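Take a look at the letters that make up each chain.
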Amino acid sequence: MTVTVRLPKELRRLYDVPLPVAVAAATVREAVAALDAAHPGVGHRLIDAGRLRRHVIVFVGDDQAGLDDPIPAGGEVTVLTAVAGGDAGHQKGQEPAVRAERGPGTPPGGRRGRVAPSAHRAR
Amino acid sequence: MVTLLVGTRKGLFTLTADDSRSGWEAAGPEFAGWQVNSVDHDPRTGTTYAAVTSEMYGPLIARSDDLGRTWDRSSEGFTYGEGGAELRGAWAVRAALEPGVVYAGAGPAGLFRSTDAGKTWAELAALRTHPTAEHWSPGAAGLILHTIVPHPTDPNVLWTGISAAGVYRTTDGGETWEPRNAGIGAPWETTEPPVAGQCCHKFRLGGGSAARLFQQNHVGQFRSDDGGDTWQPIHEGLPSEFGFPVATHPRDEDTAWFLPLVGAEQRFVPDGVPAVYRTRDGGASYEQLTDGLPRSHAHLVILRDAMASDALDPVGVYFGTSTGQVFASPDEGDTWHLAADYFPPVYAVHAVA
């Protein structure tokens, strides 16, 4: 099954990953593994010790997801990182990243309430 | 030609000059935005290594076969593995005696080895699980393994430095380790003498010797003449016992350079006047070297990996500051000039020459 993945700019630049990038995967873990196979090392930037890194957050569609959550066919995976400080409803620093990675047509920060680094520690 | 690899908080820069070591040309950054804590170059394999860290995306050991034009960032195996502690930082990378053998230090503190010039890595777990590890406690940068010193002729011997744990030495290729800190205090530890927990900031072998080590510790400057078995204080004649880096001479085991900072509370050069201190007698006496350095109101901070020497004659000595300057001396510290300014905070300087 083909799904699309959007990575933050810092990672795309270092590992030369397009935006978005299409991979064959049925779960988040498989998507990361497929990305890593095509861009060696990038998977380890997202996962260490079998877990998502503590400041990395993944969405499948509109929902925050863990590594073993499924991705529907044609689904969209978005990788974000936590931004320190503030409370979940007022993380101004997060808006540009959310806008940039989700592309036009997505309300900026529409789901910011789900992206609280302290409340949603990566599973 | 001399190339300085300069690791900063926001990428890796290079400074290049001919053997006169003046008129430096800057290039970079590679890894823009990523923290580069340690760099090394192995002239035998032509491989350059960089210990790169992101707060978000963790650490990696990058390798380049073309002096940094292109990089392999896979860093496979640089992990404590499924269910282990998450690696947060890459703090040291050092090519060892046998070509292709490279060591890397991590935070939380642990040691990794590669036998294929940095393509794949495996942890040497005996260090992290050492019985004295319960005495280890994090310094300001966390609990990190920041110093790796390979023996010049015996591939089975290696020293590592961990803050705050101290110096550990293996003589069997990393199977077993012993703390080597006798003579160095750790006033924050409850046992006297401390079992471990010394706050080693940086140490280096002197002059190609296999036994002479110079160390800058949190509590002072020290010398060992027996491969770290015992240490003697050598801070008489220095303005402060505190500091981070130490550089050594590639051929003369009695020569070393220190850059003392006012103690742990201030951590900048005394009186705002940067000065390098050179000993030519193993730390019995020092010369204060300031020619060409700022004369006043320069409260510079020089971190543990930010001072280096080259292999030319006379030896070049270099240091970078947390305010983005790189100073160079082509004459063993007698005179200094500014090789670069306005870099991000400098964390590592390594001279390829």
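What counts and what doesn't
- Residues numbered from 1 in each chain as written.
- Chains lettered and ligands numbered in written order.
- Predicted model: local features only at pLDDT ≥ 70, side-chain atom pairs only at ≥ 80, totals over all residues.
- Heavy atoms only, no water.
- Helix = DSSP H or I, 4+ residues; strand = E, 2+ residues; numbered from the N terminus.
- Buried < 20%, exposed > 50% of the residue type's maximum accessible area, 1.4 Å probe, protein only.
- Contact = heavy atoms within 4.5 Å.
- pLDDT = per-residue confidence, 0-100.
- Salt bridge = Lys/Arg side-chain N within 4 Å of Asp/Glu carboxyl O.
- Buried area = accessible area lost by both parts, 1.4 Å probe.
- Polar contact = N/O pair within 3.5 Å; in protein donor to acceptor, adjacent residues only side chain to side chain.
- Nonpolar A, V, L, I, M, F, W, Y, C, P; charged D, E, K, R; others polar.
- Core = buried A, V, L, I, M, F, W, Y, C linked by side-chain atoms within 4.5 Å.
- Phe/Tyr/Trp six-rings, centres within 6.5 Å; stacked < 30°, edge-to-face > 60°.
- Lys NZ or Arg CZ within 6 Å of the ring centre and 35° of its normal.
- Pairing = 2+ DSSP bridges.
- Axes fitted to C-alpha atoms, helices over the stretch in contact; angles between N-to-C directions.

Chemist: Let's hear about the overall build of chain A: which residues, and what values?
Modeler: Looking only at helices and strands, chain A has four helices and seven strands in total. Each helix and strand of chain A, ordered N terminal to C terminal, gives the series β-α-β-α-α-β-β-β-β-β-α. With 123 residues in all, chain A has 50% of them scored as buried. Nonlocal contacts in chain A, meaning residues at least 24 apart in sequence, comprise 52% of its contacts between residues at least 6 apart.

Chemist: Run through the confidence of the model for chain A, naming residues and quoting values.
Modeler: Residue and element names in this part refer to chain A. Scored by pLDDT, chain A has a mean of 78; 67% of the residues are at 70 or more. Least confident of the elements in chain A is helix α4 (residues 95-102), whose mean pLDDT is 39; most confident is helix α2 (residues 28-38), at 98. Contacts of residues 90-123 to residues separated by more than four positions or lying in other chains number 55 contacts, the stretch itself having pLDDT below 50.

Chemist: Would you mind going over the pattern of salt bridges in detail, with residue names and values included?
Modeler: As a working rule, side chains carrying opposite charge can pair if their charged atoms are close by. Residues and elements named next belong to chain B. By the definition in use, this model includes 18 salt bridges over all chains. Here R94 and D40 are joined by a salt bridge, their closest N and O atoms 3.2 Å apart. Here R94, found in strand β7 (residues 89-95), pairs with D40, found in strand β4 (residues 35-42); they are 54 residues apart in sequence, far enough to count as distant. Among the salt bridges present, the one from E123 reaches R128, with a minimum N-O distance of 2.7 Å. Look at the salt bridges and you will find they share partners, linking R212, R223, D225 and D254 into a network.

Chemist: Tell me about the interface of chain B and chain A, and name the residues and values.
Modeler: The interface of chain B with chain A comprises 23 residues on the first partner and 22 residues on the second. Here chain B and chain A share an interface that buries about 2000 Å² over both sides, 48% of which is from carbon and sulfur atoms. It is B:M56, B:Y57 and B:E86 in chain B that bury the most area against chain A; as a group they hold 40% of the surface buried on that side. Where chain B meets chain A, there are two salt bridges. Ionic pairing is found between B:E86 and A:R54, a salt bridge with its closest N-O pair at 3.9 Å. Between chain B and chain A we count 13 residue pairs in polar contact (both at pLDDT 80 or more) in total. In terms of residue class, the side of chain B that touches chain A is built from ten nonpolar, eight polar and five charged.

Chemist: Provide a residue-level description of the nonpolar core, including the pertinent values.
Modeler: With 41 residues, the main nonpolar core has A:L46 and B:F31 as its most contacted residues. Sort the elements by how many residues they give to this core and α2(A) lands first, with four residues. In this structure, A:L46 is in contact with A:L7, A:L11, A:V32, A:R51, A:L52, A:R53, A:V56, A:V79 and B:Y57, ignoring residues within four places of it in sequence.

Chemist: Please set out the packing of aromatic side chains residue by residue, giving values where relevant.
Modeler: How two aromatic rings sit relative to each other is given by the distance of their centres and the angle of their planes. All names here are of chain B. What the rule picks out here adds up to twelve aromatic pairs over all chains. Their ring planes at 25° and their centres at 4.3 Å tell us that F13 and F343 sit as a pair that is stacked. With F13 in strand β2 (residues 11-17) and F343 in the loop between β26 (337-340) and β27 (346-352), the pair connects residues that are 330 residues apart, well separated along the chain. Grouping residues by exposure puts F13 and F343 together as buried. Put simply, the rings of F78, Y80, F112 and W121 touch in pairs and so form one group of aromatic residues. One residue, R128, lies across the ring of Y80, its end atom 3.4 Å from the ring centre.

Chemist: Please set out the pairing of strand β12 (residues 158-163) of chain B residue by residue, giving values where relevant.
Modeler: Residue and element names in this part refer to chain B. Burial within β12 is extensive, with six of its six residues counted as buried. Burial along β12 is two-sided: the face carrying L158, T160 and I162 and the face carrying W159, G161 and S163 are both buried. Strand direction decides the pairing type here: strand β11 (residues 144-150) and β12, joined by six bridges, are antiparallel. Bridge pairing links I148 to T160 in β12. With five bridges joining them, β12 and strand β13 (residues 166-170) adopt antiparallel strand pairing. Bridge assignment links G161 to a residue of β13, and that residue is V167. The antiparallel hairpin formed by β12 and β13 contains two residues in its connecting segment.

Chemist: Tell me about the sheet that holds strand β18 (residues 232-233) of chain B, and name the residues and values.
Modeler: Residue and element names in this part refer to chain B. A sheet is described by the order of its strands in space; here four strands give the open sequence β15-β16-β17-β18, paired in antiparallel fashion. A single partner strand is all that each edge strand has here, and the edge strands are β15 (200-205) and β18. As paired elements, β15 and strand β16 (residues 213-217) share five bridges and run antiparallel to each other. Bridging across to β16, F203 finds its partner in Q215.

Chemist: Lay out unusual backbone geometry in plain terms, naming residues and giving numbers.
Modeler: Following B:G28, the chain continues into B:P29 via a peptide bond in cis, with omega recorded as 5°. Geometrically, the link from B:S163 to B:A164 is a cis peptide bond, its omega value of -10° lying close to zero. Position of B:A164 among the secondary structure elements: in the loop between β12 and β13. One non-glycine residue with positive phi stands out, namely A:D16, at about 55°. Following the sequence through the fold, A:D16 ends up in the loop between α1 (9-15) and β2 (21-24). Judged by relative accessible area, A:D16 falls into the exposed class, the value being 63%.

Chemist: Lay out the sheet that holds strand β20 (residues 256-260) of chain B in plain terms, naming residues and giving numbers.
Modeler: Residue and element names in this part refer to chain B. One open sheet holds the four strands; their spatial order is β19-β20-β21-β22, and the pairing between them is antiparallel. If you trace the sheet from one side to the other, it starts and ends with β19 (243-248) and β22 (287-289), each paired once. The sheet shows a mean angle of 25° between the axes of neighbouring strands, direction not considered. Bridging between β20 and strand β21 (residues 276-279) involves three bridges; their strand directions are antiparallel. Paired with F258 across the bridge in β21 is Y277.

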